[in-house]
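Results of the structural survey
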Amino acid sequence: MPSPLPRSRRAPASASTVVDLAQARESRRLRELQARCRGVDEVNRRGLSRLFQSGLIFTRQGARLGRDLLLAHQHLLRVSDLLARIGELPAEEAGDADPLYAEAQSLLARTTELTARTGLVLARGR
């Protein structure tokens, strides 16, 4: 007759929780995109304030850059809306989120491009 397992080797009395890795990956992906969106928004805000502080906003090139930053802000608002829609999707409809993720990624890429252009011009203006 086998002896019972020592107390330290027994399974814990509480029930183990099962983690759905696909759901955990989706939640991480969503959090990372939200963080990226907040980061790009902060960079855009700083760029716009630098345009005003330097007085460059009152030039033709500065006005264009300001419009680009405002367009980038509109893109970020759209991305935030898409991410909120993704977050509200039930777990069963996770496959429906792929087109929303693709649109959010493309808008973030465009926003990053607009922000980089502004950063280059502001760096040259120093």
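Provided above is the structure to which this section pertains.
Reference entry: report on the structure contained in this document. (Residues numbered from 1 in each chain as written. Predicted model: local features only at pLDDT ≥ 70, side-chain atom pairs only at ≥ 80, totals over all residues. Heavy atoms only, no water.)

1. So, the overall build of the protein chain
Of regular secondary structure, the protein chain possesses 3 helices and 0 strands. Listing the helices and strands of the protein chain from first to last along the sequence gives α-α-α. Per-residue burial for the protein chain yields a buried fraction of 27% across its 126 residues. Partitioning the intrachain contacts of the protein chain with sequence separation of at least 6 by distance along the chain shows that 71% fall at a separation of at least 24. (Helix = DSSP H or I, 4+ residues; strand = E, 2+ residues; numbered from the N terminus. Buried < 20%, exposed > 50% of the residue type's maximum accessible area, 1.4 Å probe, protein only. Contact = heavy atoms within 4.5 Å.)

2. Re the environment of Val79
By secondary structure assignment, the location of Val79 is in helix 2 (residues 60-88). Separated by 22 residues in the primary sequence, Val79 and Tyr101 place their C-alpha atoms 9.0 Å from one another. Ignoring sequence-local partners within four residues, the contact set of Val79 consists of Cys37, Ala104, Leu107 and Leu108.

3. What to know about helix 2
Within an α-helix, residues lying three or four positions from one another point in the same direction, as the helix has 3.6 residues per turn. Its 29 residues give helix 2 an end-to-end C-alpha distance of 42 Å, which sits within 8% of 42 Å, the value for a rise of 1.5 Å per residue. For helix 2, the full list of buried residues reads Gly62, Leu65, Gly66, Asp68, Leu69, Ala72, His75, Leu76, Val79, Leu82, Leu83 and Ile86. At its buried positions, helix 2 is contacted by helix 1 (21-54) and helix 3 (97-124). (Expected span 1.5 Å × (residues − 1).)

4. Quick look at helix 3
If you check helix 3, its first and last C-alpha atoms are 41 Å apart, about what 28 residues at 1.5 Å a residue would give, namely 40 Å. Taken residue by residue, helix 3 has Ala97, Leu100, Tyr101, Ala104, Leu107, Leu108, Thr111, Leu114, Thr115, Thr118, Val121 and Leu122 as its buried positions. Close packing links the buried residues of helix 3 with helix 1 and helix 2.

5. Focus on the packing of helix 1 against helix 3
Put simply, helix 1 and helix 3 touch, their axes get as near as 10 Å, and they point 25° apart. By the angle between their directions, the pair helix 1 and helix 3 is classed as roughly parallel. Both helix 1 and helix 3 take part in a crossing whose hand is left-handed. Side by side, helix 1 and helix 3 meet where Glu26, Arg29, Leu30, Leu33, Arg36, Cys37, Val40, Val43, Asn44, Gly47, Arg50 and Leu51 of the first sit next to Asp98, Tyr101, Gln105, Leu108, Ala109, Thr111, Thr112, Thr115, Leu122 and Ala123 of the second. Each residue belonging to the contact of helix 1 with helix 3 can be placed in one class, and the counts come to 11 nonpolar, 6 polar and 5 charged. (Axes fitted to C-alpha atoms, helices over the stretch in contact; angles between N-to-C directions. Parallel < 35°, antiparallel > 145°, perpendicular 65-115°, else oblique. Left-handed = near helix turned anticlockwise from the far one by under 90°. Nonpolar A, V, L, I, M, F, W, Y, C, P; charged D, E, K, R; others polar.)

6. Focus: the packing of helix 1 against helix 2
Contact geometry of helix 1 with helix 2 gives a least axis separation of 10 Å together with a crossing angle of 160°. One way to sum up the angle between helix 1 and helix 2 is to call them roughly antiparallel. Relative to helix 2, the crossing made by helix 1 is left-handed. Partitioning the contact of helix 1 with helix 2 into residue classes produces 14 nonpolar, 8 polar and 2 charged.

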